[in-house]
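Listed here are the chains, written in short residue letters.
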Amino acid sequence: MSEPIFRVALLERIYHGYLVDQDATSFMRQVSAKYVPATLERLLQFGPRLTRRAAALAIGLLGDYRSNAPLGQALHDEDRGVRTLAENSLRTVWCRDGSESQRGLLEQVIRLNSAQNYRDANQRATELIDQCASFAEAWNQRAISHYGQARYVESIHDCRQAAELNPFHFGAVAGLGQCYLQLGNQLWALESFRRALELNPDLEGIRAQVNALERRLKQN
């Protein structure tokens, strides 16, 4: 058995075990003992369907921001399962940039945004951006805090920064569309939503907004 075939068969066996017992810790341990992220990225791109699913899951559990591009490309995989796992893993690796302390600060920002404590989230996100201006998710989270305070122009600025730093950040691009909607600019909202769908075709809520906007603009 050749090395590539062996790697595919082994990863699929480990994945089948995970599907049975749902033990993520065991899955991570077995995969990390046999694979490095670069190998998982190749399998995500070129492996058969179950191998691509396993690789997408494994990268989310074991990888970091360096796997952003392969996962972003996997959002266009022919298999819905691969696309779903890749999207989940993308959201995870977006938070794994910067240093350990900066990642901890980002976690604080995310919790504050989730609790709708947007003012404190904004302050913490600004601290993080001052420390690491290349951290795309810091800009995205600050955009969320701006949006939650109805500061849509500021949110647009931060969404653009996030999308510039991370060209696969469909969330930031969709955020642009939401801001433009709030400002009454339907054409720019539509353009942003279409861009978000180009990055991630499975954003069904965004697709519904595109359809509604297209109908509305045709009536005007």
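Everything below is about the structure shown above.
For every chain, the first residue of its written sequence is number 1, and the numbers climb from 1 along that sequence. Confidence filtering applies because this is a predicted model: local features only for residues at pLDDT of at least 70, side-chain atom pairs given and counted only at 80 or more, and all residues used for totals across whole chains, interfaces and linings. Here the side-chain values reflect all heavy atoms present in the structure, with hydrogen atoms and water set aside.

## Here's the deal with the side chain of H169
The topology assignment puts H169 in the loop between α10 (152-165) and α11 (170-182). By relative accessible area, H169 is classed as buried at 2%. Whether two residues are in contact is decided by their heavy atoms, any of which lying within 4.5 Å being enough. What H169 contacts, discounting residues up to four positions off in sequence, is W94, E137, N140, A162 and L199. Secondary structure elements follow DSSP: runs of H or I of four or more residues count as helices, runs of E of two or more count as strands, with numbering from the N terminus. Relative accessibility under 20% of the residue-type maximum defines a buried residue, over 50% an exposed one, and the middle range a partly exposed one, all with a 1.4 Å probe and only protein chains included.

## Quick word on the packing of α10 against α11
Convention adopted: a line fitted to C-alpha atoms gives each axis, helices being fitted over their contacting stretch, and angles between N-to-C directions are expressed from 0 to 180 degrees. At a minimum axis distance of 9 Å, the contact between α10 and α11 shows a crossing angle of 160°. One element, α10, and the other, α11, form an angle in the roughly antiparallel class. The interaxial crossing formed by α10 with α11 has left-handed handedness. Where α10 approaches α11, its residues Y152, S155, I156, C159, R160, A162 and A163 are matched on the opposing element by A172, V173, G175, L176, C179, Y180 and Q182. Charged residues are taken to be Asp, Glu, Lys and Arg, nonpolar residues to be Ala, Val, Leu, Ile, Met, Phe, Trp, Tyr, Cys and Pro, and polar residues to be all remaining types, Gly included. In terms of residue class, the contact of α10 with α11 is made up of 10 nonpolar, three polar and one charged. Any angle that falls under 35 degrees is termed roughly parallel, while one over 145 is termed roughly antiparallel, one within 65 to 115 roughly perpendicular, and all others oblique. Put simply, a crossing is left-handed when the front helix is turned counterclockwise from the back one by less than a right angle, and right-handed when it is turned clockwise.

## So, the packing of helix α9 (residues 136-148) against α10
Contact geometry of α9 with α10 gives a least axis separation of 8 Å together with a crossing angle of 160°. Taken together, the axes of α9 and α10 are roughly antiparallel relative to one another. As for how α9 packs across α10, the hand of that crossing is left-handed. Residues A136, W139, N140, R142, A143, H146 and Y147 of α9 form the contact with α10, whose participating residues are Y152, E154, S155, H157, D158, C159, Q161, A162 and L165.

## Side note on the packing of aromatic side chains
Between two aromatic rings, the relevant description is the distance of the centres plus the angle of the planes. Ring pairs shown here join Phe, Tyr and Trp side chains whose ring centres sit within 6.5 Å, with only the six-membered ring taken for Trp; geometry is labelled stacked below 30 degrees between planes, edge-to-face above 60, and tilted in between. Taken as a whole and assessed by the stated rule, the structure comprises five aromatic pairs. Each ring, one from Y147 and one from Y152, has its centre 5.2 Å from the other, and the planes form 65°; the classification is edge-to-face. Looking at Y152, the relative accessible area reads 18%, which means it is buried. Residues Y180 and W188 carry aromatic rings whose centres are separated by 5.3 Å and whose planes lie at 85° to one another, so their mutual orientation is edge-to-face. A network of ring pairs unites the aromatic residues Y15, Y18 and F27 as a single cluster.

## A look at the environment of S26
Inspection of the secondary structure puts S26 in helix α2 (residues 24-34). Once the C-alpha coordinates of S26 and I14 are considered, the two residues, 12 residues apart in sequence, prove to be 9.1 Å apart.

## Focus: the nonpolar core
Counting residues in hydrophobic clusters, the biggest one holds 60 residues, and the most contacted among them are L11, F27, V31, Y35 and L44. Ranked by the residues each element gives to this core, the list is headed by α11, at seven residues. The residues touching V31, leaving out its near neighbours within four places in the chain, are L11, I14, L40, A58 and L62. We define the nonpolar core as a collection of buried residues of types Ala, Val, Leu, Ile, Met, Phe, Trp, Tyr and Cys that are connected through side-chain atoms lying within 4.5 Å of one another.

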